[in-house]
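# Survey of secondary and tertiary structure
Chain residues, written in single-letter form:
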Amino acid sequence: MDSVVTLRPPDKASALARFDIYPAYLRRLDDEQISTPLAAILALTELIENSNADTMFELVKALNDGAEELKRRASNPISLNAGCELFTAFVTLFPHDSANFADLKRELVRQGQKYAVEALTYRRKIAELAVGFIKDGSVILTHSYSRVVMQTLLLAHERKRISVFVTEARPRGLGIKTAEALTAAGIPSTVILDSAVAYVMEKVDFVLVGSEAVVESGGLINAVGSNQMAIIARAANKPFYALAESYKFHRLFPLSQYDLPSHHSKILSFPRPETATSLAKDEHGKKPSVRITQEQISENNPDVDYTRPDLISLVFSDVGSLTPEGVSQYLVGMFAG
Amino acid sequence: MAPELRGSASSHRAVETLAAKLRRRQVVGSRAAALETVLVLRQVVSKARFSNLEQLVSIIRSAGRTLVEAQPKEHSVGNTVRKVLHHVREEYHTATRETTKPSFSIAKFVSQGQPRKQATGAARTEIKGILKDYDTSDPDAFAKMLKPVLMEAIQYVLDELETVYDNVAKNAKDHIHSDEIILTLGKSRTVEEFLITAAHNRNYTVIVAETALRKYEGREMAKSLSSAGISTFLVPDSSIFALMSRVNKVILGAHAILANGGMFAITGSQIAATAARAHSTPVVVCVGQFKITPLWNLYHEYGALDFGNPSDVLRFDEGNLVDKVDVVNPYYDYVRPELIDAFITNDGDHPPSSIYRLLKETYDDEDTEL
C-alpha cells in the first residue's frame, strides 16, 4: 500500500472521464488476502482520489453512487455492502477541522488505506482468540472455504492435535480446496457430502464456520449449507462458532431466508412448463426426455443462506468473543444515535 | 524486571504472603480473597516507583499474576486486579486529557462507535497542571501527582467490596412476594442477607437443600434463616426435583460468573436450575459484581472446576468399595446461561445476555490475560 496520495486536479479534461469503480474493485480482489468488504473500501478510496467533489455533500453522494454501482454489478453484494456502509458512515462522521477540502480527501484516503493494512491482521487476531476454545484432540466440522477458518485451523495445528471434516459445499465445491490445503499442512481431514452432515455430527466436537456477513440480529450469512449445519448442530447439542472480522458486521435484519438482498426470483423457481406442441410425441410415440444440467441447478439455487442467532453459540471477531446479541451493540454504536 | 524491583521490599513481601495464604487455601470465600487482594494492591501501588503508565501497569500486573497463579480457581482475585488496572487507566486518561488529542481511525470507529461519544465522561480528578511522562528533572513527579487519585480509585473498589451484601439486598423486597415458596441451596452469605432483608417486609417460606457433599452447609443456612424468623424447610438434595412444582422461585448464589452469562456455582445448582427450567420456575442468582470473570472458555475444561475431598463421598473405612471405584467430588457445577433468568448484583439486575456488556465496561480487553 503506498502512503503517498495524489489527487487529480479537477480542471483537467481527463478527470471528466468517469471513474469506473467496478474494475478498480476487481483489481483489488486480485490479491488473495483481500476480502470483498476490504476491496470495496479500497475501491471507494480510489473513488475519493479521483473525485472532484468540493463539499462533503457531493463527496458522500459520489460514494453512495459508487456503492450502488458496485452492488449492481457484483454477484454477491452482501459483504460488499457491509464494507461500503462502514466506509461511508466513517466519512460522514469523520471529525475534520481543516478548511481545505483537498486535505480532508487526502486524509480520508489515507485512513482507508491504513485500515485495509490493519484489517489484514484481523484474521490472525481472530485465530488466536478461537484457538483458546479448541481442545487437544478436537474433531472439527467446517463448511466450504474460508480464509479465517484456514488460519485458525493452521494455528491450532501448531499447538494441538485436531482433525477436520469439511463439507463439499456444492455446487462450487470449495470444500475440496479446504481439505486439500489442510491435508497438505499435515492436518487429518476429509471431505464429506453435504447430505452427510447429520450422519457425521455425533463424531464432531464443534462446528466452525467463516462468514460473509454478521447481521444486526446476530445471525450469520454464509455459504449455503451453514444454516443446515447449525440446525443439526443444535439438535445434536454441539457448539456452533462463527468467525467474522468486524468489517463484516452489517446493518441488515432479515426476517426470513427470502429476505436477503441476494435472493432473486430465479432461485427455487420451477422451470417453465413445456407447451403442448414441444411435448408432442415423436413418431415412435415416446415423449422427448427433459434434461436438467448442472448449470441450471447452480442458477436455481442460492449462494448464501441466513442462520438464526439462537443457533449460534459464539461469534469470534477482532473486537473479541461476542454472543450473537453482542454484535448489535457495535452496529448501533456505529450507525445509530 | 526493573519495575518490579523498584517497588519496596515490603510490598513484595505482602504479595508473597497473600500468595502463600491463597495456595494453602487459608483465605476462604471469594469476597475475603477479593478484599485481601485489594489491600495488597493498595500497598503495592502506594510503594511503587514509576515514571509512566506502562511501568505502573506492569508492576500491578506482575503482582496480580503471582496471586492468580497461587490460586487459579479463585477468580475473584484476578477480577479485582483487572478492576484496579481499569481504574488506574481511567484515572490516567482523565488526568492527561489536556495534553493528548484522541486520534480517530476506522478501527476506532468500529470498536468505540461514533466520535462525539468518545469525548464524554466528567473528569473525576482535581489534578491541576499537566502531567508529563518522562520528566527527567524529577522522576517521581509523575508518580506523586497520580498517586492520590489512584488511592482514591482503589478505595472506591474497596468500598464496593465492603458494601456488596447491603447493595445486593437493597431491593430484596421487590423480588420476593408474600406467601411465596423459595428454594435455595447450601450456604451463601449473599443469598442469606438477601433473604433476611426481604423477611423484614414479607412473609414467605424457604426450602433449603442440605448439600450433603459440602459438609451439610445447608443446615447452617436453615438455622440462620429460621433464627431470623423465616419459616424454613430443610430437605435432602434428592428431593429438589420432587418439590419443584411447589416452588415459586429458585434463588442461588454463585462462585464466578463467566463472560457468556453462565456461572460456576456449588454442586447441586445445575440440578436445581434444570429442574426449575422443566417447571418454568424462574432462577435468580444473587451475586456481587466482583465475581464476573472475563474468561470465555473455562466451561470446556473439566479441570476448571475445583475438586473436593473424595473421602467426603466414600470414606476409607467403607472397605471393599474403595479400591474398585474412582471417586470424584466436584466442588462446583457449570450452569448454562440459558437456565438462568436474572443476576441480581450490587449494581442492578441483569439478564445473562448482558453480562458481556458489564465486562466491557468494568475491565479492559488487554487485561484478560494478566
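Overview of the structure. (Residues numbered from 1 in each chain as written. Chains lettered and ligands numbered in written order. Predicted model: local features only at pLDDT ≥ 70, side-chain atom pairs only at ≥ 80, totals over all residues. Heavy atoms only, no water.)

## Comments concerning the pattern of salt bridges
What counts here: The term salt bridge refers to a side-chain nitrogen of Lys or Arg lying within 4 Å of a carboxyl oxygen of Asp or Glu. For every residue, the accessible area obtained with a 1.4 Å probe (protein chains only) is divided by the maximum for its type, and the residue is called buried under 20%, exposed over 50%, and partly exposed between those limits. Counting from the N terminus, the helices are DSSP H or I runs at least four residues long and the strands are E runs at least two residues long.
Going through the model one piece at a time under the given rule, you end up with 32 salt bridges over all chains. The shortest N-O distance in the salt bridge between Lys248 of chain A and Glu245 of chain A comes to 3.2 Å. Overall, Lys248 of chain A belongs to the buried group, its relative accessible area being 10%. Residue classification places Glu245 of chain A among the buried residues on the basis of a relative accessible area of 1%. A salt bridge links Asp367 of chain B to Arg89 of chain B; the nearest nitrogen and oxygen atoms lie 3.0 Å apart. Here Asp367 of chain B is found in the segment after helix H14 (355–362), whereas its partner Arg89 of chain B is found in helix H5 (residues 75–95), with 278 residues between them in sequence.

## Thoughts on the sheet that holds strand E6 (residues 263–266) of chain B
Residue and element names in this part refer to chain B. Just so we agree on the cut-off: Strand pairing requires that DSSP identify at least two bridges connecting the strands.
Spatial ordering of the open sheet is given by E5-E6-E8, a layout of three strands whose pairing is antiparallel. Because the sheet does not close on itself, it has two edges, and the strands there are strand E5 (256–257) and strand E8 (332–335). Summarising the sheet, E5 and E6 pair through two bridges and their orientation is antiparallel. For Ile257, the partnering residue across the bridge sits in E6 and is Met263.

## A short note on the sheet that holds strand E8 (residues 249–250) of chain A
All names here are of chain A. Formally: Residue contacts are counted whenever heavy atoms from the two residues lie within 4.5 Å of one another. Here an axis means a line fitted to C-alpha atoms, over the contact stretch when the element is a helix, while the angle between two N-to-C directions is reported on a 0 to 180 degree scale.
Spatially, E8-E5-E6-E9 is the arrangement adopted by the four strands of the open sheet, whose pairing is mixed. Both edges of this open sheet fall to E8 and strand E9 (304–307), since each of them pairs with a single strand only. Sheet topology note: the strand E5 (residues 213–215)/strand E6 (residues 220–223) ladder contains two bridges and is antiparallel. The partner of Ala213 across the bridge, within E6, is Ile221. Across the sheet, helix H10 (residues 226–235) touches E6 and E9, and the angle it forms with E9 is around 30 degrees.

## Brief notes about the interface of chain B and chain A
One widely used convention gives an interface's size as the accessible area the parts lose upon coming together. Selection criterion: Two parts placed together each lose some accessible area under a 1.4 Å probe, and the buried area is that loss summed for both. We define a polar contact as two N or O atoms separated by no more than 3.5 Å, with the added condition that, inside protein, one atom must be a possible hydrogen donor and the other a possible acceptor, whereas residues neighbouring each other in sequence contribute only through side-chain atom pairs. In this classification, Asp, Glu, Lys and Arg are treated as charged, Ala, Val, Leu, Ile, Met, Phe, Trp, Tyr, Cys and Pro as nonpolar, and every other residue, Gly included, as polar.
Facing 21 residues of chain B, the contacting portion of chain A comprises 31 residues. In total, chain B and chain A occlude about 2,400 Å² of area from one another, counting both sides; carbon and sulfur atoms represent 65% of this. The three residues of chain B that bury the most area against chain A are Ile106, Val110 and Trp296 of chain B, which together make up 27% of that side's buried surface. At the surface where chain B touches chain A, the tally comes to zero salt bridges. Here chain B is connected to chain A by one residue pair in polar contact (both at pLDDT 80 or more). Sorting the residues of the side of chain B that touches chain A by element identifies helix H6 (106–112) and H14 of chain B as the ones contributing at least two each. At five residues, H6 of chain B tops the list of elements feeding residues into the side of chain B that touches chain A. Class assignment for the residues of the side of chain B that touches chain A results in nine nonpolar, seven polar and five charged.

## Considerations on unusual backbone geometry
With an omega dihedral of 0 degrees, the bond running from Arg170 of chain A to Pro171 of chain A counts as a cis peptide bond. Within the element layout of this structure, Pro171 of chain A appears in the loop between strand E2 (162–167) and helix H8 (174–184). Despite not being glycine, Ala169 of chain A has its phi angle at roughly 60 degrees, a positive value. Following the sequence through the fold, Ala169 of chain A ends up in the loop between E2 and H8. Look at Ser280 of chain B: it is not a glycine, yet its phi comes out positive at around 55 degrees. The residue Ser280 of chain B is located in the loop between helix H13 (269–278) and strand E7 (283–286) in this model. Since its relative accessible area comes to 62%, Ser280 of chain B is described here as exposed.

## Observations concerning the side chain of Asp333 of chain B
Along the chain, Asp333 of chain B turns up in strand E8. In this view, Asp333 of chain B contacts Met263, Phe264, Ala265, Ile266, Thr267, Gly268, Ser269, Gln270 and Leu305 of chain B; residues no more than four positions away in its chain are not counted.

## Quick look at the nonpolar core
General note: in soluble globular proteins, nonpolar side chains tend to be found buried as a group. Quick note on the threshold: Side-chain atoms within 4.5 Å are what join buried Ala, Val, Leu, Ile, Met, Phe, Trp, Tyr and Cys residues into a set we call a nonpolar core.
In this structure, Tyr25, Leu86, Phe87, Tyr115, Leu141 and Phe240 of chain A are the most contacted members of the largest nonpolar core, which totals 71 residues. Looking at which element gives the most residues to this core, the answer is helix H2 (residues 36–49) of chain A, with nine residues. The next biggest cluster of nonpolar side chains, apart from the first, holds 60 residues, and it includes Leu18, Leu41, Tyr92 and Ala198 of chain B.

## Comments concerning the environment of Ser163 of chain A
Residues and elements named next belong to chain A. Along the chain, the position of Ser163 falls in strand E2. Residue class for Ser163 comes out partly exposed when judged on its relative accessible area of 23%. For the pair Ser163 and Phe90, spaced 73 residues apart in sequence, the C-alpha separation works out to 41 Å. Apart from residues lying up to four places away in sequence, Ser163 is in contact with Ser138, Val139, Ile140 and Pro188.

## Overview of the side chain of Asp306 of chain B
All names here are of chain B. On the secondary structure map, Asp306 appears in the loop between E7 and E8. A polar contact is formed between the side chain of Asp306 and the side chain of Arg25, at a distance of 3.0 Å. Filtering out sequence-adjacent residues up to four positions away, Asp306 remains in contact with Arg25, Lys73, Asn329, Pro330, Tyr331 and Tyr332.

## Brief notes about the environment of Ala242 of chain B
Residues and elements named next belong to chain B. Mapped onto the secondary structure, Ala242 falls in helix H12 (residues 240–243). On the accessibility criterion, Ala242 (57% relative accessible area) is exposed. Taking C-alpha positions, Ala242 is 8.9 Å from Ala275, a pair spaced 33 residues apart along the chain.

## Digging into a nonpolar patch on the surface
All names here are of chain A. The condition that has to hold: Residues form patches when they are more than 30% accessible in relative terms and have no salt bridge. Like charges link within 9 Å. Nonpolar side chains (Val, Leu, Ile, Met, Phe, Trp, Tyr) link within 5 Å. Residue burial considers only the protein chains on display, and all accessible areas are found by Shrake-Rupley using a 1.4 Å probe.
Together, Val290, Ile292 and Ile297 make up a nonpolar patch on the protein surface, roughly 300 Å² of accessible area in all. Here Ile297 lies in helix H11 (residues 294–300). Looking at Ile297, the relative accessible area reads 37%, which means it is partly exposed.

## Description of the pairing of strand E1 (residues 138–143) of chain A
All names here are of chain A. Short version of the rule: Seen with the strands pointing away from the viewer, any crossover whose path from the first strand over the helix to the second strand runs clockwise is right-handed.
Taking burial as the measure, the six residues of E1 include six buried ones, the bulk of the element. Pairing analysis gives six bridges linking E1 to E2, with the strands arranged parallel. Following the sheet pairing, Val139 is matched in E2 by Ser163. Crossover connection from E1 via helix H7 (residues 147–159) to parallel E2: handedness right-handed.

## Some points on helix H3 (residues 30–47) of chain B
We apply this condition: Any helix carries an expected span of 1.5 Å times its number of residues minus one.
Here H3 of chain B spans 26 Å end to end across 18 residues, near enough to the 26 Å set by a 1.5 Å rise per residue. When H3 of chain B is considered as a whole, its buried residues turn out to be Ser30, Arg31, Ala33, Ala34, Leu35, Thr37, Val38, Val40, Leu41, Val44 and Val45 of chain B.

## Let's talk about the pairing of strand E9 (residues 342–345) of chain B
All names here are of chain B. Pairing analysis gives three bridges linking E7 to E9, with the strands arranged parallel. Each bridged residue has a counterpart across the sheet, and for Val285 the counterpart in E9 is Phe343. What sits between E9 and strand E10 (residues 348–350) in their antiparallel hairpin is a turn of two residues.

## A few points about the packing of aromatic side chains
Here is the rule: Only Phe, Tyr and Trp rings are paired, with Trp represented by its six-membered ring, and only when their centres lie within 6.5 Å; those with planes under 30 degrees apart are stacked, over 60 edge-to-face, the remainder tilted. Placement of a positive charge over a ring is assigned whenever Lys NZ or Arg CZ falls within 6 Å of the ring centre and within 35 degrees of the normal to the ring plane.
As enumerated under the stated definition, the model contains ten aromatic pairs over all chains in all. Where Tyr115 of chain A meets Tyr122 of chain A, the ring centres are 6.2 Å apart and the plane angle is 70 degrees; that geometry is what we call edge-to-face. The class of Tyr115 of chain A is buried, set by a relative accessible area of 1%. Where Phe133 of chain A meets Phe316 of chain A, the ring centres are 4.8 Å apart and the plane angle is 55 degrees; that geometry is what we call tilted. Here the residue Phe133 of chain A occupies a position in the loop between helix H6 (122–131) and E1, and Phe316 of chain A occupies one in strand E10 (residues 314–317), the gap between them amounting to 183 residues. In this structure, Phe133 of chain A and Phe316 of chain A share a single accessibility class: buried. Ring pairs connect the aromatic residues Phe133, Phe206, Tyr241 and Phe316 of chain A, which therefore count as one cluster. Lys177 of chain A extends its terminal NZ or CZ atom over the ring of Tyr145 of chain A, reaching a point 4.1 Å from the ring centre. The ring of Tyr216 of chain B has Arg219 of chain B sitting right over it, with the charged end atom 4.2 Å from the ring centre.

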